[in-house]
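Letter by letter, the chains look like this.
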Amino acid sequence: MKHTSTLKGTFMALTVLASSFAFGQNPTSVAPSNNCDVIEDFNTSHGDYRSPSIFTESDYTEFNWDSTAGTWIERSGLASRSASIISCVYINQQPSGGIDLGWRFKACSGGQYRVRIINVACNCVAGYDIVATTSNGPVWRNFPSDSGRICIRINDADLYQGQKFRIEISYRGNVPCDWEFDDISLGGDQGAIILPVTFMGITAKKESGGTKVQWDVADEVDVAGYEIERSTDGNNFTRVGYVPAYKKPAYSFVDVNAANLGTIYYRVKNVDLDGRYKYSSIAKLTGRSSSIVLKAFPLPARNQLTVQHDKMNGAMLSLATADGRTVRQQVISNATIQTQVDLNGIGLLVY
């Protein structure tokens, strides 16, 4: 079987060829832990967390950071609802194979939670994979009490030391009371370090009024706005919208003209005040399922390019110019999910 991904740009195209291909998602198991020293108490800052997560359903309610209480609180007053919060980007410092995770909660009678670990493919251009989730067991897990602290070990072979990831924590319940999220821990004060990024995530979802494209950002400095581009083949993109920058952590745009286009692709172009720009990853939408097509960083790349991909056996990565001339090939190691490509000696810049 052949698996192909392309990195389109002014000079280079990237192709991954594999004689066999398999998705690399490993099962997740959850166990109690006692390694949960608090690394962010939210007393003086929201910690660059945001709510709701852009990867949840559109009807999820919001947690809001309360600077007086020093905690995140959901105060919608609704009885039946779900809410989510998502972290900044961390670099995992814990040993490969899992992470220790904890937080303080108030969830009220009968409340449940779900944790998803989202692998971030790039420190400058967005991309994500949900690589570990508590829902590999029960879809949702019961809170052990109405309030207290959770400290768990999430074991999954897709979690590795040095990985860039985000944590999404969701609550749900049927009791009209306030929910709280506070005091996050990741294996102690050396378990993870925060990574500053620009694009942090992009996703596309079918809704009744059109296709909703969502993206979130950090370090929004001198940004004029965001151009939303759409494609039907993943290669040729057309601008379909524009959203001005307002120093917000997350943005969205509804494309009302994509109802009958089948498989479609979206990307967001960050335009700076001085005219410079960068692109997010490409979100591919098939039916109601959204996935990221491109996972390569940094862009532009001059000396080395890191490509993130599903686990493959017998795969070859080929780097070619836009006119089809192959300039570099290398074998992808079995069971790996990222490959470094040495660009020295090629004499071209990868965009």
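Further up the page is the structure itself.
The following paragraphs examine the structure supplied in this document. In every chain, residue numbers begin from 1 and rise along the written sequence. With pLDDT at 70 or above as the cut-off, local features in this predicted model cover only qualifying residues; side-chain atom pairs require 80 or more to be listed or tallied, and sums for whole chains, interfaces and linings still use all residues. With hydrogens and water excluded, all non-hydrogen atoms of the structure serve as input to the side-chain values.

1. Some words on the environment of S33
Item 1. Labels follow the DSSP assignment, with helices taken as runs of H or I lasting at least four residues and strands as runs of E lasting at least two, numbered in each case from the N terminus. Take S33: it is sitting in the loop between strand 2 (29–32) and strand 3 (38–40).
Item 2. Measuring from C-alpha to C-alpha, the distance between S33 and I152 comes to 4.7 Å, with 119 residues separating the pair along the chain.
Item 3. Residues in contact with S33, not counting those within four places in the same chain, are D100, C151, I152 and R153. Every residue pair with non-hydrogen atoms within 4.5 Å of one another is taken to be in contact.

2. Considerations on the pattern of salt bridges
Item 1. Salt bridge, as used here: a side-chain nitrogen of Lys or Arg that lies within 4 Å of a carboxyl oxygen of Asp or Glu. In the structure shown here, the tally under the stated rule is 15 salt bridges.
Item 2. Notably, a salt bridge pairs D182 with R104, separated by 2.9 Å at the nearest N-O pair. One end of the pair, D182, is in strand 15 (residues 179–185); the other, R104, is in strand 9 (residues 98–106), with 78 residues separating them in the sequence.
Item 3. Overall, the relative accessible area of 5% leaves D182 in the buried class.
Item 4. A salt bridge links R267 to E229, with the nearest nitrogen and oxygen atoms 2.6 Å apart. Between buried and exposed lies partly exposed: a residue is buried under 20% and exposed over 50% of the maximum accessible area for its type, with that area taken using a 1.4 Å probe on protein chains only.

3. Some words on the side chain of S87
Item 1. Residue placement: S87 occurs in the loop between strand 7 (81–86) and strand 8 (90–92).
Item 2. Judged by its relative accessible area of 0%, S87 is buried.
Item 3. N or O atoms within 3.5 Å of each other form a polar contact, as long as, within protein, one can give a hydrogen and the other can take it, and as long as residues adjacent in sequence are counted only when both atoms are side-chain atoms. Looking at S87, its side chain comes within polar contact range of the main-chain nitrogen of I167, at 2.8 Å.

4. Quick notes on the nonpolar core
Item 1. To define a nonpolar core, start from buried Ala, Val, Leu, Ile, Met, Phe, Trp, Tyr and Cys residues and group those joined through side-chain atoms within 4.5 Å. Membership of the largest hydrophobic core comes to 34 residues, with the highest contact counts inside it found for W103, I117 and F181.
Item 2. Elements that contribute at least two residues to this core include exactly strand 7, strand 9, strand 10 (112–120), strand 11 (128–133), strand 13 (147–155), strand 14 (164–173) and strand 15.
Item 3. The contact partners of I117, leaving out residues within four places of it in the chain, are I99, D129, I130, V131, A132, I154, L159, F165, R166 and I167.
Item 4. Core analysis: the next-biggest nonpolar cluster, separate from the first, contains 18 residues, I202, W215, F253 and L285 among them.

5. Digging into the pairing of strand 24 (residues 283–286)
Item 1. Taking every second residue as pointing to the same face, the buried face of strand 24 carries A283 and L285, while none of K284 and T286 on the other face is buried.
Item 2. Here three bridges tie strand 22 (residues 264–272) to strand 24, and the two strands are oriented antiparallel to one another. Paired with Y265 across the strands is K284, a residue of strand 24. DSSP bridges decide pairing: two strands pair if at least two such bridges lie between them.

6. Observations regarding the environment of E220
Item 1. Turning to its location among the elements, E220 is positioned in the loop between strand 18 (210–217) and strand 19 (223–231).
Item 2. Exposure remark for E220: the relative accessible area of 10% places this residue in the buried category.
Item 3. Distance in space between the C-alpha atoms of E220 and Y246 is 9.0 Å, their sequence separation being 26 residues.
Item 4. Beyond its immediate chain neighbours, meaning those up to four positions away, E220 contacts Y226, A245, Y246, K247, K248 and Y251.

7. Some thoughts on the packing of aromatic side chains
Item 1. Within 6.5 Å between ring centres, the rings of Phe, Tyr and Trp (the latter by its six-membered ring) count as paired, and their orientation is classed by plane angle as stacked under 30 degrees, edge-to-face over 60, tilted in between. This structure, assessed with the given rule, holds 13 aromatic pairs.
Item 2. Plain terms: the ring middles of F105 and F143 are 4.5 Å apart, the flat faces sit at 25° to each other, and that makes the pair stacked. Taken together, the residues F105 in strand 9 and F143 in the loop between strand 12 (141–142) and strand 13 connect sequence positions 38 residues apart. Accessibility classification places F105 together with F143 in one group, the buried group.
Item 3. Among the aromatic side chains, those forming a connected cluster through ring pairs are F63, W103, F105, Y113, F143, Y171 and W179.
Item 4. Note on criteria: charge over ring means Lys NZ or Arg CZ within 6 Å of the ring centre, with the direction from the centre no more than 35 degrees off the ring normal. If you follow R81 out to its NZ or CZ, it ends over the ring of W179, 3.7 Å from the centre.

8. Thoughts on the pairing of strand 14
Item 1. Within strand 14, nine of the 10 residues are buried, which leaves it mostly tucked inside the rest of the structure.
Item 2. Strand direction decides the pairing type here: strand 7 and strand 14, joined by six bridges, are antiparallel. Its bridge partner being in strand 14, S82 is matched across the sheet by R172.
Item 3. Taken together, the two bridges between strand 8 and strand 14 define a ladder with antiparallel strand orientation. By the bridge assignment, Y90 is partnered in strand 14 with F165.
Item 4. With eight bridges connecting them, strand 10 and strand 14 associate as antiparallel partners. Looking at the pairing, Q112 lines up with R172 of strand 14.

9. A short note on the side chain of Q214
Item 1. As for its placement among the helices and strands, Q214 is situated in strand 18.
Item 2. By relative accessible area, which is 14% here, Q214 ends up buried.

10. Brief notes about the environment of A83
Item 1. Tracing the sequence through the fold places A83 in strand 7.
Item 2. Distance from A83 to E62, taken between C-alpha atoms, is 5.8 Å for residues 21 residues apart in sequence.

Purely spatial values, then, with no claim about function.
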